[in-house]
Amino acid sequence: LVVVCGCCGKDVAELMFINNDKLEIEFDGVRLDRKDFDMFPNRKCARIMKQFPKHMTDQRGHAYLAMRFTPGTPQQAKVRISHLITL
């Protein structure tokens with residue numbers, strides 16, 4: 001399970017993470033498909049993975065979560081993270 005929560009507000013997940021086509025999210029080097037995201041456990045947070053991939057290895061000792069804007073995204077675009085939850 002991987003959940004990312006946005007700041008600042010109680011209704012930010014959909015705009016900031018789920019429907020933000022300017023934001024790319026990768027987990028352990030694999031780009032995640034936005035269609036698999038949902039709001040969980042509330043409208044502040046987006047569940048970006050329901051479980052860790054079966055093929056995942058910890059060769060490097062860690063799994064990495066990357067978030068980046070696509071080229072050409074305006075500089076004023078912001079994603080503000082308040083919490084990252086992994087289980």
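As shown above, the structure is provided for reference.
Residues numbered from 1 in each chain as written. Predicted model: local features only at pLDDT ≥ 70, side-chain atom pairs only at ≥ 80, totals over all residues. Heavy atoms only, no water.

Peer 1: Hey, could you run me through the side chain of R47 in this one?
Peer 2: Along the chain, the position of R47 falls in strand β5 (residues 45-49). Its relative accessible area of 17% is what places R47 among the buried residues. Leaving out residues up to four positions away in the same chain, R47 has contacts with L1, V2, V3, D36, F37, D38 and F40. (Helix = DSSP H or I, 4+ residues; strand = E, 2+ residues; numbered from the N terminus. Buried < 20%, exposed > 50% of the residue type's maximum accessible area, 1.4 Å probe, protein only. Contact = heavy atoms within 4.5 Å.)

Peer 1: Quick question: what am I supposed to make of the sheet that holds strand β3 (residues 30-31) here?
Peer 2: Read across the open sheet, the three strands follow the order β3-β2-β6; overall the sheet is antiparallel. Both outer strands of the open sheet, β3 and β6 (65-69), are each paired with one neighbouring strand and no more. Of the pairings in the sheet, the one linking strand β2 (residues 23-27) to β6 comprises five bridges and is antiparallel in character. Bridge pairing in β6 links I25 to M67. (Pairing = 2+ DSSP bridges.)

Peer 1: Looking at this structure, how should I read the state of the cysteines?
Peer 2: Cysteine pairs can be covalently joined through their sulfur atoms, and such a bond is termed a disulfide. Following the criterion strictly, the structure yields two disulfides and no others. The disulfide that involves C5 links it to C45, with 1.9 Å between the sulfurs. Where C5 bonds to C45 through sulfur, the torsion about that S-S bond is close to 100 degrees, and the disulfide is right-handed. On the criterion of sequence distance, the pair formed by C5 in strand β1 (residues 2-6) and C45 in strand β5 is long-range, its members being 40 residues apart. The exposure class of C45 is buried, given its relative accessible area of 4%. Here C7 pairs with C8 through a disulfide, and the sulfurs are 1.9 Å apart. (Disulfide = S-S within 2.5 Å.)

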